[in-house]
Amino acid sequence: MCGIVGLFLKTAELEPDLGRLTALMLHEMASRGPDSAGFAVYGPVRDVERISALSRSGTTDWAAVERGLAAALGTGVGIEVLSDHAFLSVGEAGAEARRWIIENAPDVCVLGVGRAIEICKGVGDPDAVAGRLRLADRAGSHAIAHTRMATESAVTTEGSHPFSTGADTCLVHNGSLSNHNRLRQSLRRQGESFQTENDSEVAAGYLAWRMREGDGVDVALEGALRDFDGFFTLAVGSRDGFAVLRDPIACKPAVIAETDDWVAMASEFRAIAGLPGVAHATIWEPAPARVYSWRRAA
Amino acid sequence: MTEPVRTIPRHSATFDEHTLSEIRRAAATGVYDIRGGGAKRRVPCFDDLVFLGASISRYPLEGYREACGTDVVLGDRYASKPLHLKIPITVAGMSFGSLSAQAKEALGRGASAMGTSTTTGDGGMTDEERRHSATLVYQVLPSRYGLNPVDLRRADAIEVVVGQGAKPGGGGMLMGQKINARVAAMRTLPEGIDQRSACRHPDWTGPDDLEIKLQELREITAWEKPIFVKVGAARPYFDTALAVKAGADVVVVDGMQGGTAATQHVFIEHVGIPTLAAVREAARALEELGMRGKVQLIVSGGIRSGADVAKALALGADAVSIGTAALVAIGDNDPVWEAEYNALGTTAGAYDDWHEGRDPAGITTQDPVLAARLDPVMAGRRLRNYLSVLTMEVQTLARANGKSHVRNLEPEDLAALTVEAAAMAGVPLAGTSWVPGR
Amino acid sequence: MTVLLANTVLDLGVLDRRAVNSALQTAEQGSFRMLNPGGGHALACGLRTPVEVTIDGHVGYYCGGMNEHATVTVQGTAGTGVAENMMSGEVRVRGDASQSAGASGHGGLLVIEGDAAARCGVSMKGIDIVVGGSVGHMSAFMAQAGRMVVLGDAGADLGDSIYEARLYIRGAVASLGADCVEKPVGDTHLAELADLLARAGLHADPAEFRRYGSARQLYHFNVDNVGAY
């Protein structure tokens, strides 16, 4: 199944270390999820929206994508390429850019959109994925990451977590939903689109729908408790914070630790054991069916 | 007044006699029907496949003179002491409690005589079983009845049971009439009550946590013993892949024809897929992970003859396991007890109310008078004979297909007689090159 | 046979888990200090002799699993399944324990000085469990035998499907599971409770506890109880 980790920094001093610490946590979860990995890092809030994108073939002509997108949007588009990923700065036109790419660049998979978020994913050993996509070099305020052991769908990069379908929002999931097929159909009727057969993508789509309808993350997660069936521990990232939720039966593990400097969440304590100051951390296990969330001051 | 002309009476295919009797039984008792055995209805199975045999392009081996090997090694991925079996046929997990002590002894004697293994069941290991089985696989089940580190260490292999073919998603069941003092003590239950069993393990859920559990079992047994992971045939491709990723040495897949001592009839007949449909998918998962030969596959559920064994091996299994067939070999449902079956409201060959503990053959009972009818030495000899026949039959078929070892049987040695079997087994319809769906 | 000095240090920062567990599993006696557990799994599992092991820090899953005769103390928190299937001896967690603490334990004493999470004592078969704090939901699920004492509260569905285990809870019980009922406390129960508290080294007045156990209505199937299954 999976390992999930989340790290939320409370002080600016640790922000340059966010990526390095998240990479250490991810490393500990590799045995839970040896197939693939992904992460979402929330860096400094930019004044433009950025799209995290993945080349499905590995040979996408990014320059052509940049040109086509710029022409469609009628504005300049900045691009940074990293391995098989690219990050496109698209001014205020995040949603439009996302739609254009999905409709016009079938070789490109949109991983996420937002002013703070960058999402990367890859198939193979989690440490190798993290290394290739420079997780350890990244700075920011909070991050969530995931190692995957695929259960009922294929091991593909698109099928890896985090899943994001709303601006600056993403989700990682450990568990197995049992009603995701019916839920996917009803979310499609609400206008959500899906790129995989993955149950976790359905969970992300559900949150995106609820948040589009005006719910905050916490309220959307309360809805998930009602509408999801199966076993799940979810970690959700949003622009200014993150949240954790376990299903009412709560067989899938979760542990949270908190110091004055950070809050960390993981599937197993050993992912947290190496964080600075952990010897003085308050450690607890989140209760089932209860939303835990942390938010930065605006 | 003349008699009206009528058509002859006609029974409904939907509301057939068995269905009508079941509805009446439910109305009378208010409880679901519980029975033993596996799925009884006809489903696509190994009978729907045939071997091609030798021809001008493929040459057979001479019987007797030209050896056809049958040995198999199970569990050399991580264990320092893998199992070396002389034949690729093992005896599946069946509990002391569901079976009499004499029956367990007979199974141990017969299996050991043929150089193969038996398996404990949902109740723990008895001393007699350990004594009489040269190679003993110890089950770790959701109930954890009787589980202890002493037995874990004196076992030759460990089988973590996620599910079984008769009831994927169900736990064990033993009715009060079979929970005598000895069974009760082993299971830490009050005597004579109906056992309720868990369907999930108490301390792990999911392959990610199973991986950690297997590590613990290995640490407790110094990494000596192979660990099997057993699933009922539900999603065999994914389940096999996940068992491999969780660290299993051997994967056991049990199809819907696999038996149980007792569970709801509706569970047996309507949950789980046929063994034929499961084998190829499980083997495919191993192939795609590059684990063929590194993690072994054992298949069970309705294995009856050397032909079934050979076909399972051809489709990618490294070994098979027998349960129901072993019980029949030692005397279950034998017509010699017909009068007593009639008194129980049934007949030889159809008797499946094993949960009642009144088995005339003395096998699925704890009643000391009935159990004494089974002579473990004679019964052990019968099982040994049956296993010998299975082995000779596999060798016969393997030689006819040009194999000097049964492990070299391949899917390409087979053809299917029906479209369903062709699709499920991934084998062409006989006389064609058509595999539906590919 | 290895003869070891008192308080032998086993440092997981230097030795691997197999070496550490092997040393503990083969020692016939002695006391040991395990350093740098770092949340590792299956630490001090499968012990077989009356050794004493103190673990400096937090452990992962299955610490003390299938313990026989040894005394294991975790100076920190424990992950899933601490002392699972313990046969005898003692395991003590100074901090909190995660789910399924003492799962299917047959004997011995498990003490959790902090809180235990969901399914504490699940499927217990004779183990004694004493919890200084609270226990989570579905605790004592299918508890067959043994005693569980909780100084704090119990979460929802306490003792669901319980057989013959005896539960003593001092605080509030969120709800009782199928076939679990409150039972009267007599002198033998007070004595039993006092003994368990003393062995656990936790102080509480036995008179403040309520006792819970099986109503025994599910011992034989009856269609009128079908809602409880």
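Analysis parameters
Residues numbered from 1 in each chain as written. Chains lettered and ligands numbered in written order. Predicted model: local features only at pLDDT ≥ 70, side-chain atom pairs only at ≥ 80, totals over all residues. Heavy atoms only, no water. Helix = DSSP H or I, 4+ residues; strand = E, 2+ residues; numbered from the N terminus. Rg over C-alpha atoms; globule rule 2.2 N^0.38 Å. Contact = heavy atoms within 4.5 Å. Buried < 20%, exposed > 50% of the residue type's maximum accessible area, 1.4 Å probe, protein only. Areas by Shrake-Rupley, 256 points an atom, 1.4 Å probe, with all protein chains shown as cover. Lys, Arg positive; Asp, Glu negative; His and termini not counted. Charge placed at Lys NZ, Arg CZ, Asp CG, Glu CD. Salt bridge = Lys/Arg side-chain N within 4 Å of Asp/Glu carboxyl O. Buried area = accessible area lost by both parts, 1.4 Å probe. Polar contact = N/O pair within 3.5 Å; in protein donor to acceptor, adjacent residues only side chain to side chain. Pairing = 2+ DSSP bridges. Nonpolar A, V, L, I, M, F, W, Y, C, P; charged D, E, K, R; others polar. Phe/Tyr/Trp six-rings, centres within 6.5 Å; stacked < 30°, edge-to-face > 60°. Lys NZ or Arg CZ within 6 Å of the ring centre and 35° of its normal. Axes fitted to C-alpha atoms, helices over the stretch in contact; angles between N-to-C directions. pLDDT = per-residue confidence, 0-100.

This part takes up the overall build of chain C. A count of helical and extended segments in chain C gives two helices and eleven strands. Across chain C, helices and strands are ordered from the amino to the carboxyl terminus as β-α-β-β-β-β-β-β-β-β-β-α-β. Its C-alpha atoms give chain C a radius of gyration of 18 Å, near enough to 17 Å, the size a compact globule of 229 residues would have. If you line up chain C on its principal axes, its C-alpha atoms span 60 × 35 × 25 Å. Across chain C, contacts joining residues at least 24 apart in sequence account for 22% of those joining residues at least 6 apart.

This part takes up the overall build of chain A. Within chain A one finds seven helices and 16 strands. Against the compact-globule benchmark of 19 Å for 298 residues, chain A has a radius of gyration of 18 Å, which places it among compact chains. Overall, the C-alpha framework of chain A stretches about 55 × 45 × 35 Å when taken along its three principal axes. Residue burial in chain A is summarised as follows: out of 298 residues, 61% are buried. Counted over contacts in chain A with a minimum sequence separation of 6, partners at least 24 positions apart contribute 72%. Surface exposure of chain A reaches about 10800 Å², of which carbon and sulfur atoms provide 49%. One finds the centroid of the 29 positive side-chain charges in chain A at a distance of 3 Å from the centroid of its 39 negative side-chain charges.

In this section: the pattern of salt bridges. In this structure the tally under the stated criterion is 69 salt bridges over all chains. Arg18(C) serves as the salt-bridge partner of Glu219(B), at 3.1 Å between the closest nitrogen and oxygen. Here Glu219(B), found in helix H6 (residues 207-220), pairs with Arg18(C), found in helix H1 (residues 17-26), and the two come from separate chains. According to the relative accessible area criterion, Arg18(C) is partly exposed, its value standing at 23%. Its salt-bridge partner being Glu208(C), residue Arg170(C) comes within 3.8 Å of it at the nearest N-O pair. Of this pair, Arg170(C) sits in the loop between strand S9 (166-169) and strand S10 (180-183) while Glu208(C) is found in the loop between helix H2 (187-200) and strand S11 (210-214), placing the two residues 38 residues apart along the sequence. Taking relative accessible area as the criterion, Arg170(C) reaches 31% and is therefore assigned partly exposed. The class for Glu208(C) is partly exposed, based on a relative accessible area of 44%. Connected through salt bridges with shared partners, the residues Glu28(A), Arg32(A), Lys252(A), Glu268(A), Arg270(A), Asp208(B) and Asp209(B) form a single ionic network.

Across the boundary between the two partners, chain A contributes 18 residues, which contact twelve residues of chain B. For the chain A and chain B pair, buried surface summed over both sides reaches about 1200 Å², with 56% attributable to carbon and sulfur atoms. Counting the contacts that link chain A with chain B gives five salt bridges. Of the charged contacts in the structure, one is a salt bridge between Lys245(B) and Asp35(A), with a shortest N-O distance of 2.5 Å. Counting every contact that joins chain A to chain B gives eight residue pairs in polar contact (both at pLDDT 80 or more).

Moving on, we get to the pairing of strand S3 (residues 50-55) of chain A. Residues and elements named next belong to chain A. In terms of burial, S3 is largely enclosed, as six of its six residues are buried. What you see with S3 is no split at all: Arg50, Ser52 and Leu54 on one side and Ile51, Ala53 and Ser55 on the other are buried throughout. Note: S3 against strand S6 (residues 108-114), six bridges, orientation antiparallel. Within the sheet, the bridge partner assigned to Ser55 lies in S6 and is Val108.

With that settled, the discussion passes to the interface of chain B and chain C. The interface is formed by 38 residues belonging to chain B together with 38 residues belonging to chain C. The contact between chain B and chain C buries some 3200 Å² in all, and 56% of this surface belongs to carbon and sulfur atoms. Across the contact surface, chain B and chain C share five salt bridges. Across the salt bridge formed by Lys213(B) and Glu84(C), the nearest N and O atoms sit 2.9 Å from each other. Counting across the interface, chain B meets chain C through 19 residue pairs in polar contact (both at pLDDT 80 or more). A total of eight residues in the side of chain B that touches chain C trace back to one element, the largest contributor, which is H6(B). Residue classes in the side of chain B that touches chain C are distributed as 18 nonpolar, ten polar and ten charged.

Now for unusual backbone geometry. Between His161(A) and Pro162(A) the backbone carries a cis peptide bond, its omega angle lying at 5 degrees. When you line up the elements, Pro162(A) lands in the loop between strand S8 (142-148) and strand S9 (163-166). In this structure, Asn36(C) takes a positive phi of about 55 degrees despite not being glycine. Locating Asn36(C) in the fold gives a position in the loop between strand S2 (31-35) and strand S3 (52-56). Residue classification places Asn36(C) among the partly exposed residues on the basis of a relative accessible area of 48%. Despite not being glycine, Arg119(C) has its phi angle at roughly 60 degrees, a positive value. Tracing the backbone shows Arg119(C) in the loop between strand S6 (109-112) and strand S7 (125-131). Arg119(C) gets classed as buried once you look at its relative accessible area, which sits at 7%.

Quick look at the packing of aromatic side chains now. In this structure the tally under the stated criterion is ten aromatic pairs over all chains. Residues Tyr206(A) and Phe228(A) carry aromatic rings whose centres are separated by 5.0 Å and whose planes lie at 70 degrees to one another, so their mutual orientation is edge-to-face. One end of the pair, Tyr206(A), is in helix H6 (residues 199-212); the other, Phe228(A), is in the loop between helix H7 (217-227) and strand S11 (230-238), and 22 residues separate them in sequence. Both residues of the pair, Tyr206(A) and Phe228(A), count as buried. Here the aromatic rings of Tyr341(B) and Tyr351(B) are separated by 5.4 Å at their centres, their planes lie at 40 degrees, and the arrangement is tilted. Residue Tyr341(B) is found in helix H12 (residues 338-343), and its partner Tyr351(B) is found in the loop between H12 and helix H13 (368-371); the two are separated by ten residues along the sequence. Judged by its relative accessible area of 0%, Tyr341(B) is buried. One aromatic cluster is present, formed by Tyr206(A), Trp209(A), Phe228(A) and Phe232(A) through successive ring pairs. The lysine or arginine in question, Arg210(A), covers the ring of Trp209(A), its NZ or CZ lying 4.6 Å from the ring centre. Directly above the ring of Tyr62(C) sits Lys213(B), whose terminal nitrogen or CZ lies 4.4 Å from the centroid.

What follows concerns the sheet that holds strand S14 (residues 262-266) of chain A. All names here are of chain A. Spatial ordering of the open sheet is given by S7-S2-S8-S1-S14-S13-S15, a layout of seven strands whose pairing is antiparallel. Every interior strand has two partners, whereas the edge strands, strand S7 (117-123) and strand S15 (282-284), have only one. When strand polarity is set aside, the average angle formed by the axes of neighbouring strands in this sheet is 10 degrees. Pairing of strand S2 (residues 36-42) with S7, which is carried by seven bridges, proceeds in the antiparallel orientation.

Next up on the list: helix H10 (residues 306-314) of chain B. Residue pairs three or four apart in sequence face the same way in an α-helix, which turns once every 3.6 residues. Residues and elements named next belong to chain B. For H10, a buried count of eight out of nine residues is recorded, marking the element as mostly surrounded by other parts of the structure. The set of residues buried in H10 consists of Gly306, Asp308, Val309, Ala310, Lys311, Ala312, Leu313 and Ala314. Just downstream of H10 lies Gly316, where phi reads positive at about 125 degrees.

The share of residues in chain C with pLDDT of 70 or more is 95%, and the mean pLDDT across the chain is 95. In the predicted complex, the global pTM is 0.92; the interface-specific ipTM is 0.95.

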